[in-house]
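# Results of the structural survey
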Amino acid sequence: MQGKFDYLSESLKSVRKQLLDEVDALSDKQLNQKLSEDKWSVSQVIRHPYGSNCI
């Protein structure tokens, strides 16, 4: 069981780093741009899990 936990933990760390690397390359305008009023911006999508206590 510990092996599965370690694998998942490392996988999540890797995905988090990849996401942060991609987001870091975006301008503030790109982060906050919504393609339409009923769509979320990149920034909103990224912050949502933290605001809803999912993580």
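Now for a look at the structure at hand.

Each value, and the rule that gives it
- Residues numbered from 1 in each chain as written.
- Predicted model: local features only at pLDDT ≥ 70, side-chain atom pairs only at ≥ 80, totals over all residues.
- Heavy atoms only, no water.
- Helix = DSSP H or I, 4+ residues; strand = E, 2+ residues; numbered from the N terminus.
- Buried < 20%, exposed > 50% of the residue type's maximum accessible area, 1.4 Å probe, protein only.
- Areas by Shrake-Rupley, 256 points an atom, 1.4 Å probe, with all protein chains shown as cover.
- Salt bridge = Lys/Arg side-chain N within 4 Å of Asp/Glu carboxyl O.
- Expected span 1.5 Å × (residues − 1).

### Looking at the overall build of the protein chain
- Broken down by element type, the protein chain carries three helices and zero strands.
- Reading the protein chain from its N end, one meets helices and strands in the order α-α-α.
- Relative to its 55 residues, the protein chain shows a buried fraction of 7%.
- Entry remark: accessible area of the protein chain is about 5200 Å², with carbon and sulfur atoms responsible for 57%.

### Digging into the pattern of salt bridges
- Within the structure shown, the criterion is met by two salt bridges.
- Close ionic contact of glutamate 10 with lysine 13 constitutes a salt bridge, the shortest N to O distance being 3.6 Å. Taken together, the positions of glutamate 10 and lysine 13, both in helix 1 (residues 2-24) and three residues apart, correspond to about one turn of that helix.
- Salt-bridge contacts for lysine 17 lead to aspartate 21; the nearest nitrogen and oxygen are separated by 2.8 Å. Placement of both lysine 17 and aspartate 21 in helix 1 is noted, with a separation of four residues, approximately one turn of the helix.

### What to know about helix 1
- The terminal C-alpha atoms of helix 1 lie 33 Å apart, and with 23 residues this matches the ideal 33 Å at 1.5 Å per residue to within 8%.
- Sparse coverage of helix 1 is indicated by the burial of one of its 23 residues.

Keep in mind these numbers describe shape, not what the thing actually does.
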